[in-house]
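Chain by chain, the residues:
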Amino acid sequence: MLRKLYDWVLRLAASDRAPWALAIVSFAESSFFPIPPDVMLAPMVAARPNRAFLYAGICTAASVIGGLLGYWIGVHLEPLGHAILRIFGHPNGQAEFQHWFDKYGLWVILIKGATPIPYKLVTITAGFARFDLLTFVWASILTRGFRVFLVATILRFFRPALLKDFEKRMNL
């Protein structure tokens, strides 16, 4: 089953619809969706390495816009925000992240946004904390852009070796 899903994603990644699918996944992942955009970005770069940085730009822009939805959920839909945090294993996430925002402020976004930690946890709790919106936006652009462009760069230049190793392990 995993092989069929992988093949389907590779076919989608090579299609004309791929940039839209990447944008949708990137947007949704920043606010409520469990699957990171890497599952679209990686095969898209593998299929068209000359477009790696275009795809990274799409991914970054959609992720930041989706982050604004997550922020909005934190500000205006607290019960939904709490439910999302519970689903992702952080039932006390608001208090935990509020403490982090109080203590570290901007660094929470800059560090957490560049890690594989689901970004929706940062965006929703930034809304809970009423973190400065302008700072949130520029920090999101910086940190999400860094992460996504790093992934795109690695895949663009090391793709053959990485794909071979990934496919070998996937067959296990």
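As a starting point, this report considers the structure included with it. (Residues numbered from 1 in each chain as written. Predicted model: local features only at pLDDT ≥ 70, side-chain atom pairs only at ≥ 80, totals over all residues. Heavy atoms only, no water.)

1. Considerations on the nonpolar core
Inference 1: Within the largest apolar cluster, 19 residues are counted, with the highest numbers of intra-cluster contacts made by Tyr71, Phe97, Phe101, Ile109, Ala126, Phe131 and Phe136.
Inference 2: Elements represented by at least two residues in this core include exactly helix H4 (52-76), helix H5 (78-87), helix H6 (93-104), helix H7 (106-112), helix H8 (119-128) and helix H9 (133-170).
Inference 3: Counting residues per element, this core draws most heavily on H8, at six residues.
Inference 4: Once you skip the residues sitting within four places of it in the chain, Phe131 turns out to touch Tyr71, Phe101, Gly105, Leu106, Ile109, Ala126 and Phe136.
Inference 5: The next biggest cluster of nonpolar side chains, apart from the first, holds 17 residues, and it includes Leu12, Ala21, Leu22 and Val45. (Core = buried A, V, L, I, M, F, W, Y, C linked by side-chain atoms within 4.5 Å. Buried < 20%, exposed > 50% of the residue type's maximum accessible area, 1.4 Å probe, protein only. Helix = DSSP H or I, 4+ residues; strand = E, 2+ residues; numbered from the N terminus. Contact = heavy atoms within 4.5 Å.)

2. Comments concerning the packing of helix H2 (residues 18-29) against helix H3 (residues 38-47)
Inference 1: Close contact between H2 and H3 brings their axes to 9 Å; oriented N to C, the two are set at 155 degrees. Compared by their axis directions, H2 and H3 come out roughly antiparallel. For H2 against H3, the interelement crossing comes out left-handed. On H3, the residues that touch Ala18, Pro19, Ala21, Leu22 and Val25 of H2 are Met40, Leu41 and Met44. (Axes fitted to C-alpha atoms, helices over the stretch in contact; angles between N-to-C directions. Parallel < 35°, antiparallel > 145°, perpendicular 65-115°, else oblique. Left-handed = near helix turned anticlockwise from the far one by under 90°.)

3. Here we look at unusual backbone geometry
Inference 1: In the Ramachandran plot, Arg130 falls in the positive-phi region, its phi being about 55 degrees despite a non-glycine side chain.
Inference 2: Summarising the element assignment, Arg130 is placed in the loop between H8 and H9.

4. Some details on the packing of aromatic side chains
Inference 1: A complete count under the given rule lists two aromatic pairs for this structure.
Inference 2: Here the aromatic rings of Phe53 and Phe149 are separated by 6.3 Å at their centres, their planes lie at 10 degrees, and the arrangement is stacked. Of this pair, Phe53 sits in helix H4 while Phe149 sits in helix H9; the two residues are 96 residues apart in sequence, bridging distant segments of the chain.
Inference 3: Among the residues examined, Phe149 registers a relative accessible area of 30% and is labelled partly exposed.
Inference 4: Ring geometry for Tyr71 versus Phe136: centroids 5.1 Å apart, planes at 40 degrees, classification tilted. Linking Tyr71 in helix H4 with Phe136 in helix H9, this pair joins segments that are 65 residues apart in sequence. In this structure, Tyr71 and Phe136 share a single accessibility class: buried. (Phe/Tyr/Trp six-rings, centres within 6.5 Å; stacked < 30°, edge-to-face > 60°.)

5. Section: the environment of Leu22
Inference 1: With respect to the helices, strands and loops of the structure, Leu22 is situated in helix H2.
Inference 2: On the accessibility criterion, Leu22 (0% relative accessible area) is buried.
Inference 3: Discounting residues that sit within four places of it in the chain, Leu22 has contacts with Pro37, Met40, Leu41, Met44, Tyr55, Ile58 and Cys59.

6. Structural notes on the pattern of salt bridges
Inference 1: One pass over the full model with this rule turns up three salt bridges.
Inference 2: Residues joined by salt bridges that share partners form a network here, namely Glu29, Lys120 and Arg144. (Salt bridge = Lys/Arg side-chain N within 4 Å of Asp/Glu carboxyl O.)

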